[in-house]
Structure formats: structure tokens, C-alpha cells
Amino acid sequence: MAPLAKKGPALSRGPTLPKGVDVVTFGCRLNTYESEVMRREAESAGLGALEGGAIIFNTCAVTGEAVRQAKQSIRKARRENPAARIIVTGCAAQTEPQSFVAMDEVDLVLGNEEKLKAHSYRALPDFGVNDTEKARVNDIFSVRETAGHMVDAIEGRARAFVQVQNGCDHRCTFCIIPYGRGNSRSVPMGAVVEQVERLSGNGYAEIVLTGVDMTSFGADLPGSPKLGKLVKTILKQVPGVKRLRLSSIDSIEADDDLLDAIATEPRLMPHLHLSLQAGDDMILKRMKRRHNRDQSIRFCEDLRKLRPGIVFGADIIAGFPTETDAMFEKSLEIVEECGLTHLHVFPFSPREGTPAARMPQLRREVVKQRAARLRTAGDAAYISHLATLAGTRQSILVERDGLGRTEGFTLAAVAAGAPGEIVEADIAGHDGIRLIAAPPAARAA
């Protein structure tokens, strides 16, 4: 790595009592899973016994806003915890380590591979160390394997996440993530099944499979098994798992076994989050996506025939470079044409080093306006979806404070059930944000 810029002296930090290890997580479900591995490894390395404890920031690099929020949280943490050791890792630390090394508040910067190993947390640099000694970030593209890290629990969660894959071999023109995660590599099937069995045995009713490009699972494993085979193997070999859910998938890579599992396996949840990104073919081409508009629409139509009632979410980027008004309208229209109900809208954010950052940019006010219109369309679709569920009976996984998620991942308020428990409830209506389950007494009557 190139030499890093020098900075001024570090902040003075007075002694205090040990406070353990706190992990602050930004971004995706894979980060949530990895944060539990990091917590365990950092504690085994003795960070919890340090005076003032340690705070680890597991960052996201998807947008510039995500990086800004992480830095803001780091500064706040230092003000509130002057004696703590602050470590920054994750995708933003991997892609732009210098920007975090230059922060007075940061003691150590770790790359995405280093963050999962106990020895990375041992022998922390002294306060005020030279910047060149603050970063431990190796070339992520040199990593060839992804281990099946075992975790017993996901702190504060009613569902558990299991990593099946990491990295990405595709190079979408807007995306910085391959530079933070490296090339695609899969966790061996046996390790995935073992982890699912372990978490299910520890009481988790729902397991979520997660990865960076999950539908590329298996290409680097012996025999090249696909995601559908992994799903069927889990459901067959772990009969105790009540719910199996998939995180974001790329519909163009969905294999026949996966489609069959969606159609025939009631324990595989009827909810898919699709990496669509746009609804216009020219923009999709400039994004270097591998699907077109018609393929997205047909995929959703075909899945509804296989699994009536299936729910779709999607990522859509607003204001991609060169996007005209007519092109944007295609993205608006695909919300209805695909029947999307859980929309994640991203105002385009140029990431340094990506081809899209060098394309002709739209004015920021245009990007924001289009993002707002997409969110409005998404909100309307979601409210319509809530209305269709009134009068139905739903199976709800209780999460916290009387809230839970249906099998279709729709938020619901439910009076009965402890966190982690699955309850059956009749839906009386909705409040525009969540479903409202009828009180137990009303159901009994």
C-alpha cells in the first residue's frame, strides 16, 4: 500500500475502567453476520479487558453518504469515549483506508480480510503512532477462499444470518464493492449446513442466507453446485429450521433448483429482494448489468405462477449518469410492472475509481427529485400491498416490542408472542406502515 499522509498528534485519553467490545455496524446483512465474528475474535484477543474498552466500526462503501455517516459516528464515539480504542474496518476501510487513517479519532484501520482474525486485534498501535503503522489493509483480490465462520448467536436479533458467499466477479460500472470484497468465493456447502444446524439448534426460527453476489454461489467449489442445490440440501438435512430466507439475489442467475425450491418448499420464505437497479435497457447496459427490462418483468411473472403471493423487493438507483426523463420513467413504471412492494431507492452516488464516476453526471437536485419520486411510488405500492393482506391469517416471526415480520417480510404489529417466536395472527388492517394483527381475544371469538 502507498505511504499514508502524516497527521498531528493524537487526542489525549485518560484512564477509565474496561468497557468490553462494542461493534457498530453499517450496511448489509453480511456485515451484520461478520460483526458477530469480529466481536468474538476481538474479545478472544483481549480487547474487552482494555482500559476504556474498544469500539469497532464495520463500515459500508456503497454510497458516499454511508461513508460520511460512518465518519460522523466515529467522531461522536471519540467525544463520548475518550479512553476507548477505536478500530475501523469494513468495505469503506478497505477501499479508502487513508481517509480513516487521517482521522485523529481512529487508532487502527483493518481490511475486510483482516477484520475476521483474532491476531489483527492483538498488539494495537500505541496512541499517537505514526500513520503508516495504523493501517493493516492487504490486497483483497489476493484472497482466494471464504471460511465458514461459526457464530452461536446474532446479538439483538430474532433471526440469524449465515454467510454462503463473499465478493463479486462482475464489474457493474457504479459499484465499488468488488474493490472492498474481492472476487467471488463460496463457503463450502458442508460448512453452511453446519452453521444453519448450529443456529437452528440454538433456537433461531429463521435463518437468512446472505452474500455479496449470492446467486454466484458454488462456481468456485468442486462440482460447481448452485444456490438452489444448497437451499434444498439445507432444508433436507436441517429439518429443525422453520424458516429459510434469501437475502438479495440477481434474478438472471436464478437456477432451476432454486425456482423449484421456491415453488415447492413452504419453509423457504416467499420473499425475494432483487438487484434490479434500473428499468431502462440503455441505463442497464451502461450500468453493465446482465439482465434487461423484459427479463425482470418475466421473472416476477413466472415466480408468481410458481408461488402465488410471493413478495418482491428491489434495489433501484435514481439519477444514474446520462439518465433522461424518459429513461427514468421506465424505472418508475417497473415498480408496478414487477409488482414491487419493498423498494430500496439509492440516489446515484459517484464512487471514485468506478467507470460511472467518469460519465456525464446529472445535477444533484435532479437526482434527489427522482429518488423522491421513486420512494413515493414505492410507498404507494407498499400501502397497496398492506391493504391486500387485511382479513388474511399470517405467520409472524416476533422480533421486538410487539413487532414482527410475516413470511413475505411485511412488518406487522402483534400483541402475542415473545421475540423469536412464530405466531399465527389474523390481520385486522394496517396503519400505513405495518399490518395490525387482531388482539388474541378477538381471534378467539
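Here the structure is a predicted model, which is why all the values come from computation and not from measurement. (Residues numbered from 1 in each chain as written. Predicted model: local features only at pLDDT ≥ 70, side-chain atom pairs only at ≥ 80, totals over all residues. Heavy atoms only, no water.)

Structural notes on the packing of aromatic side chains
All chains considered together, the criterion is met by 1 aromatic pair. Measuring from ring centre to ring centre gives 5.4 Å for Phe 320 and Phe 348, while their planes differ by 75°; the resulting arrangement is edge-to-face. Taken as a pair, Phe 320 in the loop between strand S12 (311–318) and helix H11 (325–337) and Phe 348 in the loop between strand S13 (340–347) and helix H12 (364–388) lie far apart in primary sequence, 28 residues in all. A relative accessible area of 3% places Phe 348 in the buried class. The ring of Tyr 179 has Arg 171 sitting right over it, with the charged end atom 5.9 Å from the ring centre. (Phe/Tyr/Trp six-rings, centres within 6.5 Å; stacked < 30°, edge-to-face > 60°. Helix = DSSP H or I, 4+ residues; strand = E, 2+ residues; numbered from the N terminus. Buried < 20%, exposed > 50% of the residue type's maximum accessible area, 1.4 Å probe, protein only. Lys NZ or Arg CZ within 6 Å of the ring centre and 35° of its normal.)

Looking at the UniProt feature "domain: MTTase N-terminal" (unreviewed entry) in the protein
Using the residue numbers shown here, the UniProt feature "domain: MTTase N-terminal" (unreviewed entry) corresponds to residues 19–125. Secondary structure over residues 19–125 splits into 40% helix and 19% strand, and the C-alpha atoms at its two ends are 19 Å apart. (UniProt positions renumbered as here; feature names shortened; annotations may be inferred.)

Some details on the side chain of Asp 250
Assignment of secondary structure puts Asp 250 in the loop between strand S10 (243–246) and helix H8 (256–264). Apart from residues no more than four positions distant in its own chain, Asp 250 is found in contact with Asp 213, Thr 215, Ser 275, Arg 289, Arg 290 and His 291. (Contact = heavy atoms within 4.5 Å.)

Remarks on the sheet that holds strand S4 (residues 108–110)
The parallel open sheet is built from 5 strands, whose spatial order is S1-S2-S3-S4-S5. On the outer flanks of this sheet lie strand S1 (21–25) and strand S5 (135–136), each paired with one strand and no other. Relative to strand S3 (residues 85–90), strand S2 (residues 54–59) is paired through 6 bridges, and the arrangement is parallel. Each residue of the ladder has a partner; that of Ile 55, found in S3, is Ile 86. Packing of helix H1 (residues 29–44) onto the sheet brings it into contact with S1, S2 and S3, and relative to S1 it is tilted by some 160°. (Pairing = 2+ DSSP bridges. Axes fitted to C-alpha atoms, helices over the stretch in contact; angles between N-to-C directions.)

A word on unusual backbone geometry
With phi around 50°, Ser 224 is a residue other than glycine that occupies positive phi space. Its location among the elements puts Ser 224 in the loop between strand S9 (206–210) and helix H7 (227–237).

Describing the confidence of the model for the protein
Of all residues in the protein, 90% attain a pLDDT of 70 or more, and the chain-wide mean is 89. For the stretch residues 1–18, pLDDT sits under 50, and the model shows 42 contacts to residues farther than four places along the chain or on other chains. (pLDDT = per-residue confidence, 0-100.)

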